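A closer look at the structure
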Amino acid sequence: MIKKGIFTGLPIMLGYLPVAITYGVLAKQAGMSLTELTLMSVLVFAGASQFMAVNMIAVGTGALEIIIATFVLNFRHFVMSLSFMNQLRNFSLKWKIPLSFGLTDESFAVSSVNKDEAKMEKGALFYGTILIIAYVSWIFGSFLGGVLGDVIPDRLSQSMGIALYAMFIGLLLPSVKKDKRIAVIALFAMLINALCIQLGMSTGWAIVVGTIIGGMSGIYLLKEEPA
């Protein structure tokens, strides 16, 4: 099971490393110490939220705005965790708690297409191996990026800031392809964010308000017509 988990989790590791390195470089550029940016990966372990937090730190956003924005952005994990725990309903609580901590978009997707292992005697080792590989590779990549942030030229590190926007666009496009209404929600959230900034609201709170109102608009825009 462990060997199978290693081979299954290898693509996640290969995908995480370059993104984590980019996060580390940007975090260093934003003024975070090597210890701080590495600990964020250890304790938070959420790529999109960490990129957003780094951007908010760079513009001087307060801790409260960052925490609220992270909570809103990661709210989808409640849904994913419920689905994942239902898949692992035969496992004991001592396995469910650590496995739920390591759940990310990528590990959830991989685990969801490997459901048969949940019925096997040592299936927990399979899922645990996948999550550990993802967790360790993200932490190592973050640390390496923080080290490189002190070595690579400033011009190159500054140009990596585009990775923040590229990552969120990459997360958005698959959903937009499935349903064009997602694009409307995203544009609406952007407009709310821009309006809040024009009204004198801080960047951090503008992100929070835009995210909440934009997300709530989806309740109406994505409502399914009755059959």
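Residues numbered from 1 in each chain as written. Predicted model: local features only at pLDDT ≥ 70, side-chain atom pairs only at ≥ 80, totals over all residues. Heavy atoms only, no water.

**Examining the nonpolar core**
Quick reminder of the rule: We define a nonpolar core as any set of buried Ala, Val, Leu, Ile, Met, Phe, Trp, Tyr and Cys residues linked to one another through side-chain atoms lying within 4.5 Å. Exposure categories follow from relative accessible area, calculated using a 1.4 Å probe and restricted to protein chains: below 20% of the type maximum is buried, above 50% is exposed, and the middle band is partly exposed. Secondary structure counts use DSSP, requiring at least four H or I residues in a row for a helix and at least two E residues in a row for a strand, with both numbered from the N terminus. Contacts are residue-level and defined by heavy atoms, with any inter-residue pair within 4.5 Å sufficient.
Residues Y23, M32, F84, L99 and Y127 are the most contacted members of the largest nonpolar core, which totals 34 residues. Those elements that provide at least two residues to this core are helix 1 (2-29), helix 2 (34-43), helix 3 (47-58), helix 4 (63-73), helix 5 (76-87), helix 7 (105-112), helix 8 (123-148) and helix 12 (203-221). Per-element accounting of this core gives the leading share, seven residues, to helix 8. Residue contacts for F84: discarding those within four places in its chain leaves L99, L103, F108, S111 and Y127.

**Some words on a nonpolar patch on the surface**
Heads up, the condition is: Only residues whose relative accessible area exceeds 30% and that form no salt bridge enter a patch; like-charged residues are grouped when within 9 Å of one another, and nonpolar side chains (Val, Leu, Ile, Met, Phe, Trp, Tyr) when within 5 Å. Method for areas: the Shrake-Rupley scheme with a 1.4 Å probe, in which residue coverage is limited to the protein chains shown. We count a salt bridge whenever a side-chain nitrogen from Lys or Arg sits within 4 Å of a carboxyl oxygen from Asp or Glu.
Taken together, M1, I2, I6, W95, M120 and L125 make up a surface patch of nonpolar side chains, about 480 Å² in accessible area. Note on placement: L125 falls in helix 8.

**Some points on unusual backbone geometry**
Here F45, not a glycine, exhibits a phi torsion of approximately 50°, which is positive. With respect to the element layout, F45 can be found in the loop between helix 2 and helix 3.

**Considering the packing of helix 5 against helix 7**
To keep it simple, the criterion reads: Comment: axis = line fitted to C-alpha atoms, over the contacting stretch for helices; angle = value between 0 and 180 degrees taken between N-to-C directions. By the definition adopted for this analysis, an angle is roughly parallel if under 35 degrees, roughly antiparallel if over 145, roughly perpendicular if from 65 to 115, and oblique otherwise. Should the near helix be turned anticlockwise from the far one by less than a right angle, the crossing is termed left-handed; should it be turned clockwise, right-handed. Polarity classes work like this: nonpolar for Ala, Val, Leu, Ile, Met, Phe, Trp, Tyr, Cys and Pro, charged for Asp, Glu, Lys and Arg, and polar for all others, with Gly in that last group.
Between helix 5 and helix 7, the shortest axis-to-axis distance is 11 Å and the interhelical angle comes to 30°. Classified by the angle their axes make, helix 5 and helix 7 are roughly parallel. As helix 5 packs across helix 7, the resulting crossing turns out to be left-handed. Where helix 5 abuts helix 7, its residues R76, M80, S83, F84 and Q87 lie against D105, F108, S111 and S112. Its residues placed into classes, the contact of helix 5 with helix 7 shows three nonpolar, four polar and two charged.

**Comments concerning the confidence of the model for the protein**
Put simply, the rule is: pLDDT expresses how confident the predictor is about each individual residue, on a scale running from 0 to 100.
Of all residues in the protein, 89% attain a pLDDT of 70 or more, and the chain-wide mean is 80. The element-level mean pLDDT for the protein is lowest in helix 9 (residues 154-159), coming to 66, with helix 2 highest at 92.

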